[in-house]
Amino acid sequence: MGPSAPIGPVAPRQVTIIGHHSQIVPTVGFFVGGSIQVRVYTSKADLEHQLAPYPGVHVTVVPGGYQQRPADLPEPPYFIAAETEEESLRIKGWLPPTVAIFWLGSEQRRRSLAKGFLSLMPSPAANRRQVLRRFAALKRVDTLMDLARAARQPFILMYSDPDPDAIGAALGLASIWRHAGATAQIRYTGEVQRYQNKLLINYLKYGIERLKEDELESADLIAVVDAQPGFWRDRPPNAQVVIDHHPRREDTTAAFLDLREGYGSTSSILTEYLVEADLAISRPVATALLYGLTSDTDDLNRNAGPADIRAFDVLHPLADHHFLARLDKSQVPMSVLDYIAWGISHRVVFRDLILIHFGEVPTPDIMVQVADLVLLTHGINWAVCAGVVDGKLVVIFRGDGHHQNVGKRASLAFAKLGSAGGHRTMGRAEIPLRKGEESDDSVAILVNNLFKRMSPARRAKFIKLLKGYVRGEGPDKHEDFEVGHTGR
Ligand SMILES: [Mn+2]
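The structure reproduced in this document is the subject of the present report. Owing to the predicted nature of the structure, the values given are computational and were not obtained by experimental measurement.

**Quick look at the nonpolar core**
Membership of the largest hydrophobic core comes to 57 residues, with the highest contact counts inside it found for I156, A170, L173 and V225. Ranked by residue count, the leading element in this core is helix α5 (residues 164–179), at 9 residues. Residue contacts for V225: discarding those within four places in its chain leaves I156, M158, A166, A169, A170, L173, I243, D244 and T266. Of all hydrophobic cores here, the second largest spans 46 residues; its members include L353, V370, V388 and F414.

Have a look at this one:
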């Protein structure tokens, strides 16, 4: 290599086309449009004339059959425009060794390309799938916009305590309706619990509020997002629009119904509408949609499919990452700090498990926060945090997903007593306590079902220790308590 040769890969600004079929002219147009120089070696003499109007194109007429390499052949990439695979392979035979060989045109008529050739265009099948998806989305957006144009006052409802996905989807739909000239009211029907969701609602400045008693009387268009009307036990809303990714309920009907169980978030559905219809996505809307998508899919780790990844790709560069970082860094309310401290100092370490029973707690969030935290400990592969909330024993499982399948453990231990289940890395059980049972009794329920194969004597020791903690006895030492081994 000469001293003036560029160091590292630099994209070539010249391409070489060898052959004679009809795809040459549009391909030359494609490259010349980007000010890329084109060399053409062809046996078709009149191509020279046809390509004359294009600047930066140099045509050399060579004998038919393309038997040998032209003396002045430039560097790759090469585009072969021969009719048959046989001819293309012959040309490839005298090209210098390179991975940059494309096959022009004929691949449009073929299902797959011969090995060793690249394709300039996406396969027609993939292209068609994309176009059909777009047609479907455009039809849906038109229908939504028509509904909004005909309405005086559209409402968008979120069920109960809205999660980020519901908020993102609601804002996405409101944004589509705003493009149609309508301003929707966004309402939730419960209470916003999590601090981060309150922060998000304030940040969005949309006026997202709790639904007032008679408010829906003025509504002539109601949409439900990230939920279905049947979620409301009493007085389900009479929704004309339902957009959701939860499993379809039998009683769900609506004039406009888009239920996609395969999607990781409802925000992904709304993003698809906005993208396919080429509607502008503002920064706050992108931020809400991205937060909805990432929190429902645990950063694309849970139930995320191609649509969620496409949505992420579009939203990520548009979103407000300063704000999202703020949300990420403020997950714990001040009131939970004391519980975290108590939980850590009253942990029981058993092999690769940390187990904590908090006794009575105001919210299951405490168990979630502490389980996530203690799972970060070296040598710990799973964490179980239990507590009594509103007369129920709530057990939160967290695991690394490799050594333990905690969802399975949750259901094996507790499915007979209440609701229990989860994924490999997250599980949850809720066991209603009987009248007269207190958090003291819940300790035995926890230990006896979680460690069914442990010897009764060892279980008793375990229960005694945890009961002491729940009653307010301090930990013996500030050392981990080891409860020996089971025959597991
Ligand atoms: Mn959701």
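Next, the rest of the story.
**Overview of the sheet that holds strand β12 (residues 348–350)**
One open sheet holds the 6 strands; their spatial order is β12-β13-β14-β15-β17-β16, and the pairing between them is mixed. Edge positions in the sheet fall to β12 and β16 (419–422), since each of these pairs with one other strand and no more. Within the sheet, the average angular offset between the axes of one strand and its neighbour, ignoring direction, is 15°.

**Looking at the packing of helix α11 (residues 334–345) against helix α12 (residues 365–374)**
Relative orientation of the contacting elements α11 and α12 amounts to 50°, with a least axis distance of 10 Å. One way to sum up the angle between α11 and α12 is to call them oblique. Classified by chirality, the crossing of α12 by α11 is right-handed. Contact residues: α11 offers V336, Y339, I340, G343 and I344, while α12 offers D365, I366, Q369, V370, L373 and V374. The residue makeup of the contact of α11 with α12, split by class, is 8 nonpolar, 2 polar and 1 charged.

Procedures and definitions
- Residues numbered from 1 in each chain as written.
- Predicted model: local features only at pLDDT ≥ 70, side-chain atom pairs only at ≥ 80, totals over all residues.
- Core = buried A, V, L, I, M, F, W, Y, C linked by C-beta atoms within 7 Å.
- Buried ≥ 20, exposed ≤ 12 C-beta atoms within 10 Å, placed from the backbone.
- Helix = DSSP H or I, 4+ residues; strand = E, 2+ residues; numbered from the N terminus.
- Contact = placed C-beta atoms within 7 Å.
- Pairing = 2+ DSSP bridges.
- Axes fitted to C-alpha atoms, helices over the stretch in contact; angles between N-to-C directions.
- Parallel < 35°, antiparallel > 145°, perpendicular 65-115°, else oblique.
- Left-handed = near helix turned anticlockwise from the far one by under 90°.
- Nonpolar A, V, L, I, M, F, W, Y, C, P; charged D, E, K, R; others polar.

Nothing here speaks to function; it is all geometry.
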